[in-house]
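Summary of structural features
If you want the building blocks of each chain, they are given just below.
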Amino acid sequence: MKKIDIAVFVLGILTFLAISLSLYMAFIYTPLEKTMGAVQKIFYFHLPLAWIGFLAFFIVFLGGVLYLITGSIKWDNLAYSSAEIGVVFSTLVLITGSIWAKRAWNTWWTWDPRLTTMLILWMIYVGYIMMRNAVDNIERRAKISAVIGITGFVDVPIVFMAIRWWRTMHPLLITSKGMGLAPSMLTALFVSLASFTLLYVYLLLIRVRLGTAMNIVEEIKIRLSDKL
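Quick caveat: nothing in here was measured; it's all calculated off a predicted structure.

Notes on the packing of aromatic side chains
Under the criterion given, the structure shown has eleven aromatic pairs. Centroid distance Phe-43 to Tyr-44: 5.4 Å. Interplanar angle 70 degrees. Geometry classified as edge-to-face. Taking the centre distance of 3.8 Å and the plane angle of 10 degrees together, the rings of Phe-57 and Tyr-125 count as stacked. One end of the pair, Phe-57, is in helix H2 (residues 43–70); the other, Tyr-125, is in helix H4 (residues 113–134), and 68 residues separate them in sequence. Taking the relative accessible area as the measure of exposure, Phe-57 reaches 0% and is therefore buried. For Tyr-125, a relative accessible area of 0% corresponds to the buried category. Taken together, the aromatic side chains of Phe-27, Phe-45, Phe-89 and Phe-196 make up a single cluster linked through ring pairs. In this structure, Arg-132 is placed above the aromatic ring of Tyr-80, and the distance from its NZ or CZ to the ring centre is 4.1 Å.

This is how it looks when you write it as structure tokens:
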């Protein structure tokens, strides 16, 4: 068993334990919020999901920049792998946000600036993935992907700042006075953030290795087709 396989296996176990701990803290350790009740528990997953979505798209941005600088396909593989994970987590952000909105605002969706910019971000990276499936040439696909990944990341700070730039119903979590959470809630939130970050790293390592294998197979197919 290779060292990298052992490392991924250990990381998988740590991720499982961390996620289990975050579930315990969210549903059992923290008290019920007086106004929203049990539905507030979504907060401990909604925010970490959003954080991972932003982190994943930053890695797409970084991978795109490094590919354009070096021309190495490994950076394109990293960016694409992170984009797939980012889209999944962003989809869950929109779903959990809608569930929360139904309880808080009595509607599943409202064209609130934060929600709208998040939806736009999701659409950008869904388009990124769809484009990759439509372009066969490896180098051309990587270059177009890098441009989309880099320009698309511009929307991330817009999503984050939307509640400060425009009127919005979305709650402002971080203020000059702090986060306004009870100590137990704050602890549960940080545990969830850490556990979801571990989950992202674990999924990214697996997806990058899969992408590397897929690129090797694709290169073999191209060489065989050239010989025929």
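Quick look at the packing of H2 against helix H3 (residues 73–105)
Interhelical geometry of H2 versus H3 gives an angle of 155 degrees and a closest axis separation of 7 Å. Between H2 and H3, the interaxial angle falls into the category roughly antiparallel. The handedness of the crossing between H2 and H3 comes out as left-handed. Its residues assigned to classes, the contact of H2 with H3 comprises 20 nonpolar, ten polar and one charged.

A short note on the environment of Leu-199
Inspection of the secondary structure assignment puts Leu-199 in helix H7 (residues 183–227). Along the primary structure Leu-199 and Ser-22 are separated by 177 residues, whereas in three dimensions their C-alpha atoms are 12 Å apart. When residues no more than four places from it in sequence are discounted, the contact partners of Leu-199 are Thr-15, Ile-19 and Phe-89.

What counts and how
Residues numbered from 1 in each chain as written. Predicted model: local features only at pLDDT ≥ 70, side-chain atom pairs only at ≥ 80, totals over all residues. Heavy atoms only, no water. Phe/Tyr/Trp six-rings, centres within 6.5 Å; stacked < 30°, edge-to-face > 60°. Helix = DSSP H or I, 4+ residues; strand = E, 2+ residues; numbered from the N terminus. Buried < 20%, exposed > 50% of the residue type's maximum accessible area, 1.4 Å probe, protein only. Lys NZ or Arg CZ within 6 Å of the ring centre and 35° of its normal. Axes fitted to C-alpha atoms, helices over the stretch in contact; angles between N-to-C directions. Parallel < 35°, antiparallel > 145°, perpendicular 65-115°, else oblique. Left-handed = near helix turned anticlockwise from the far one by under 90°. Nonpolar A, V, L, I, M, F, W, Y, C, P; charged D, E, K, R; others polar. Contact = heavy atoms within 4.5 Å.

Function cannot be read off these values alone, since they describe shape.
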